[in-house]
Each structure stands twice: as C-alpha cells, then as structure tokens.
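Coordinates in review
Chain by chain, the residues:
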Amino acid sequence: MHELSIAEGLVAEACRVAAQHRARRIDTVFVKAGALSGVEPPLLQRAFTVARAGTVARDARLLIELGPVEVFCPQCGAVSGAAVNRIVCQACGNWRVEIVSGEELILSRLELSEIGEEREQPCVTPADAP
Ligand SMILES: [Zn+2]
C-alpha cells in the first residue's frame, strides 16, 4: 500500500500547516506529482479518502497536478523534457542524464477555511501514532 503511506504523509503535513494557521478545515489539498514519482492518481485519491478520515482534512478534495520529466545532460549541458519510458537528452541522445524534475511528490498548496477559531481541533492520523 504505497499510496496509503503517501496519503497519510500528505494528510499529516496538511494538518500541521492547518494547525499553524489555526484553520479548522482543509478544503483542498494541491499535490504536485512528478511523472516518475510512481504515484497512480486514482489509487492516491482512494488512499486519501482513507487517510483524511477523522482529521481537519476530512472533507478536503485532493487535486493532483502531474509534473513533467526534465533531465540535465552533463555531456552537452542541455536541460530537456523526456518521456517516462525514454529518459535521454533531447539534444544529443545521451542517456547518462540527471533527472532535474519528475520524481517529486510535494504538497504544493492548501485551501483552508474556518481560520482563527480558538477551539483546538485534534489532528491525529495513523502517521502520528507511535
Ligand atoms: Zn545532451
């Protein structure tokens, strides 16, 4: 269950940010997932609905933005896009390239509401359990 641990991490991070802003609700969680991150959006969506239960993100939508793959070629210095199944330099065809982006999976943005309420909302996810 690769996606579930990812979703739990995202929810835990989102809850931390929400707590910093004293938000009692998370409306939307924006995630940027590189094409090489190995994440299957439908599986991550399903895992997210499990991970968000009982947290301030319980009603949140998850929006997954798929990022492109970019590689740097140390041979010719080009930075170019690459296909997931063909990671080579577009300029010279060198396959000894470094991946610049495409492997990331990051929480890029949150939409919060009910900000500034005094009442503390517990934020317990399985990821926080000892
Ligand atoms: Zn090159």
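Here's what I pulled together on the structure shown here. Fair warning: this is a prediction, and the values are worked out from it, not measured in the lab.

**Concerning the pairing of strand S2 (residues 61-67)**
Two strands pair when backbone bridges link them, and strand S1 (residues 23-34) and S2 are joined in this way by seven bridges, in the parallel orientation. By the bridge assignment, Lys-32 is partnered in S2 with Glu-65. This β-α-β element, S1 to helix H2 (residues 41-51) to S2, shows right-handed connectivity.

**Overview of the sheet that holds strand S3 (residues 70-72)**
As summarised here, the arrangement of the three strands in space is S4-S3-S5, forming an open sheet in which the pairing is antiparallel. One side of each edge strand has no neighbouring strand; the edge strands of this open sheet are strand S4 (79-81) and strand S5 (98-101). Each neighbouring strand pair of the sheet contributes to a mean axis angle of 35°, computed without reference to strand direction. Direction of pairing for S3 relative to S5: antiparallel, over a ladder of three bridges. Its bridge partner being in S5, Val-71 is matched across the sheet by Ile-99.

**Looking at H2**
What sets the pattern is the α-helix's 3.6 residues per turn: residues three or four places apart point alike. Considered for burial, the residues of H2 that qualify are Leu-44, Ala-47, Phe-48 and Ala-51. In an axial view of H2, the angular spread of the buried residues amounts to 110°, which keeps them on one side of the axis. For H2, the exposed residues lying more than 90 degrees away from the buried face are Pro-42, Arg-46 and Val-50. For H2, the secondary structure elements touched by its buried residues are helix H1 (2-20), S1 and S2.

Conventions and cut-offs
- Residues numbered from 1 in each chain as written.
- Predicted model: local features only at pLDDT ≥ 70, side-chain atom pairs only at ≥ 80, totals over all residues.
- Heavy atoms only, no water.
- Pairing = 2+ DSSP bridges.
- Helix = DSSP H or I, 4+ residues; strand = E, 2+ residues; numbered from the N terminus.
- Right-handed = clockwise from strand over helix to strand, strands pointing away.
- Axes fitted to C-alpha atoms, helices over the stretch in contact; angles between N-to-C directions.
- Buried < 20%, exposed > 50% of the residue type's maximum accessible area, 1.4 Å probe, protein only.
- Arc of directions from axis to C-beta.
- Contact = heavy atoms within 4.5 Å.

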